[in-house]
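What follows is each chain in one-letter form.
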Amino acid sequence: MEVRQFRHAMGKFATGVTVIATEVDGNVHGMTANAFMSVSLSPQLVVISIAEKAQMLEKIKQSGTFSVNILSADQKELSMVFAGQLKDHDEVVFERLQGVPVLPNALTQISCEVTAAHVEGDHTLFIGRVTDICVNDAEPLIYYSGKYRRLVKE
Ligand code: FAD
């Protein structure tokens, strides 16, 4: 099976969009990601999947913490910024949740401590123990088949 065909098939799974953020030596690094899910309720655990070529990989290994920021429908530009698709943009200011950088006005901000890292193929799965959560009321940004979408009520 070709990689292109695999990506095309996986793109048929509609997801939300997150920005993962972490901080090393006072420098915040963000990265757009949709490979995110909750893993366990007790303890409360989540998982993210980071490509081996991503700068984010070493940053999370160093910091041992990360945040997951679930983006709202009006944060598409931030998704593009942190995917490296939009270079000309205003400075992005972060807030802190349990000392971890989080994006203001994200639909949900989740701060995590890394409890395990599993290398699987060309990605690393980081398991994060949730240390705090902040939920806002807004519509989510959706990603489907390589394009951004909005939820439509039935
Ligand atoms: P870079 O490519 O260096 O950084 C990403 C961009 O963020 C750069 O333009 C950088 O300037 C900017 N940036 C970083 N920190 C800051 C800051 N503090 N202030 C302002 N700008 C900053 N990849 C995965 O590994 N896993 C996934 O689950 C995943 N899901 C994705 C979902 C979507 C919808 C998209 C569009 C991409 C996804 N990617 C995923 C790809 C990933 O977002 C890109 O490959 C990204 O460029 C990798 O980031 P990096 O850590 O290598 O850092």
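Everything below is about the structure shown above.
Novice: Would you mind showing me how to read the site of the ligand here?
Specialist: Surrounding the ligand, one finds 24 residues, the nearest of these being His29, Thr32, Ser49, Ala51 and Gln55. Asparagine 34 is positioned such that a nitrogen or oxygen atom in its backbone is 3.0 Å from a nitrogen atom of the ligand. At a separation of 3.3 Å, an oxygen atom of the ligand approaches a polar backbone atom of valine 81. With six residues, the top contributor of residues to the shell around the ligand is strand β3 (residues 27-33). For the shell around the ligand, the residue count by class is 14 nonpolar, nine polar and one charged.

Novice: What is the right way to read the nonpolar core from this model?
Specialist: By size, the foremost hydrophobic cluster in this structure holds 17 residues, and its most contacted members are Ile20, Ile48, Ile50, Met56, Ile60, Phe66 and Phe126. If you list the elements that add at least two residues to this core, you get β3, β5 (45-51), α2 (55-63), β6 (65-70), β9 (108-120) and β10 (123-135). With four residues, β5 is the single largest residue contributor to this core.

About the cut-offs
Residues numbered from 1 in each chain as written. Predicted model: local features only at pLDDT ≥ 70, side-chain atom pairs only at ≥ 80, totals over all residues. Heavy atoms only, no water. Near = heavy atom within 4 Å. Polar contact = N/O pair within 3.5 Å; in protein donor to acceptor, adjacent residues only side chain to side chain. Helix = DSSP H or I, 4+ residues; strand = E, 2+ residues; numbered from the N terminus. Nonpolar A, V, L, I, M, F, W, Y, C, P; charged D, E, K, R; others polar. Core = buried A, V, L, I, M, F, W, Y, C linked by side-chain atoms within 4.5 Å. Buried < 20%, exposed > 50% of the residue type's maximum accessible area, 1.4 Å probe, protein only.

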